[in-house]
Amino acid sequence: MQAQDLALFKAALGLTEPWQVTSVEFDPATKRLDLRIDFPRGATFCCPECGRSGLKARDTEEKTWRHLDFFQHQAFLTARVPRVECPEHKVRQVALPWARERSGFTLLFEALVMAMVKEMPVKAVAGLVGEYDKRIWRIVHHYVDQAVEAQDLSTVERVGIDETSSRRGHEYVSVFADLDEHRGVFCVEGRDHATVQAFSLFLETHGGDPGNVKEVCQDMSEAFLKGTLTHLPKAEITFDRYHVRSHLSKAVDEIRREESKHHRELLKNTRYMWLKRPANLTEKQRDLLDELLAQPLHTVRAYTLAQQFDSFYELDDPDTAEEFLRRWITEARASELEPLTKFCTMLEDHWLGVIRWHHSRVSNGLLEGLNSLIQAAKRRARGYRTNRNFITMIYLIVGKLNAGPAVA
């Protein structure tokens, strides 16, 4: 190959002195392009630790990296990688402009992978680029871990806590979000009080202060409550309105299931009709609902109370809302429907956090939306083999991280 062709490849790779492209070989049988990179005798390098210049190569080791495809052909770079001896840092391998240390891929290849995994499952990316998915996961883990550690959490004051299922059964990870920045900032396995402790420690080591967290929005689980009270002691707690409402929906559904034993034909196939908002019902469902609302059913009574409960969150004045909720509880207890009675007891046991919503106006609607994105990605990937993979993808999807190599 002529000198001008080698110079062209050098320019395309963005190589600087003393690095040069010394040969290019193409094998049409294997559809493989190999570029050899080298440096001239007597070339000097910088210490990767302190930047001291003028250091000669002490020894070299030949290495190969997968590069971006050349049209439909796989491309590889091979080079002698020198080590230098720095007076301060002793023997070190020099930093390479085209690849990071201990990676079998060039930075441009890794940048392509990181762009692709934000849009499609890792297994699909691996298939497109012709690599084992384990090797792709190593790239993703490296850059996501790097971006997570680089976070500055010094301004975090309002936090949302939620859980999301990692696999079938009862395996979960907890997600902590900065409600002001609208992004997930920390994920950890489990959903007990220790997850809040882990978040508190993570906050401290990333410029934040648990004492600066003024508001936490969470569900009513005793585990999260214990963790927040212990490890975020200055925070006011708001129980997420969507979680509160979900408990009421479960109570209504429990009443429907019990009543269906005696009114099977009347309540057949109506489960989701009672759980949806009226505005979200089809015309056929609204007609059926109108017919059923005229029936003297326990389910109708529970449904009517549930619809009335929603007014609690629509009121503007906190004192008026609190008085409304007290009256609603009295009426719900008077129904003598056990699931509703239990729901009322739960409200009273968590009264301050329920009422707090009218002062903080925070909710985990953000996290509910993020959870939808997370679960959609999990379905596209048909699950993740490990929780580490799952947590990495959560960060990538909802963390707003600048995850990937810096390439020109």
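Refer to the structure above for everything that follows.
Everything quoted here is computed from the prediction, not taken from an experiment.

## Considering the side chain of Q218
So, step 1. Positionally, Q218 belongs in strand β10 (residues 215-218).
So, step 2. Within polar-contact distance, the side chain of Q218 engages the side chain of T228 at 2.7 Å.
So, step 3. Not counting the four nearest positions on each side in its chain, Q218 is found in contact with I161, F224, L225, T228, I237, T238, F239, D240 and N364.

## Concerning the pattern of salt bridges
So, step 1. Using the criterion set out here, one finds 28 salt bridges in the structure.
So, step 2. The partner of D145 in a salt bridge is R388, and the shortest N-O contact between them spans 2.7 Å. Of this pair, D145 sits in helix α4 (residues 133-149) while R388 sits in helix α18 (residues 387-398), and the two are 243 residues apart along the sequence.
So, step 3. The exposure class assigned to D145 is partly exposed, which follows from its relative accessible area of 33%.

## Describing the sheet that holds strand β8 (residues 171-178)
So, step 1. An order of β9-β8-β7-β10-β11 is seen for the five strands of this open sheet, with the pairing classed as mixed. The open sheet terminates on both sides in strands that have one partner only, identified here as β9 (183-189) and β11 (236-239). On average, each strand axis in the sheet is tilted by 25° relative to the strand beside it, whichever way the strands run.

## Considering unusual backbone geometry
So, step 1. Between E17 and the following residue, P18, the backbone shows a cis peptide bond with an omega angle of 10°.
So, step 2. Tracing the backbone through its elements, the reader meets P18 in the loop between α1 (3-13) and β1 (20-27).
So, step 3. Notably, K90 is not glycine yet its phi reads approximately 65°, a positive angle.
So, step 4. Tracing the backbone shows K90 in strand β6 (residues 90-93).
So, step 5. Even without being a glycine, R102 presents a positive backbone phi close to 65°.
So, step 6. Judged by relative accessible area, R102 falls into the exposed class, the value being 74%.

Definitions and limits used
- Residues numbered from 1 in each chain as written.
- Predicted model: local features only at pLDDT ≥ 70, side-chain atom pairs only at ≥ 80, totals over all residues.
- Heavy atoms only, no water.
- Helix = DSSP H or I, 4+ residues; strand = E, 2+ residues; numbered from the N terminus.
- Polar contact = N/O pair within 3.5 Å; in protein donor to acceptor, adjacent residues only side chain to side chain.
- Contact = heavy atoms within 4.5 Å.
- Salt bridge = Lys/Arg side-chain N within 4 Å of Asp/Glu carboxyl O.
- Buried < 20%, exposed > 50% of the residue type's maximum accessible area, 1.4 Å probe, protein only.
- Pairing = 2+ DSSP bridges.
- Axes fitted to C-alpha atoms, helices over the stretch in contact; angles between N-to-C directions.

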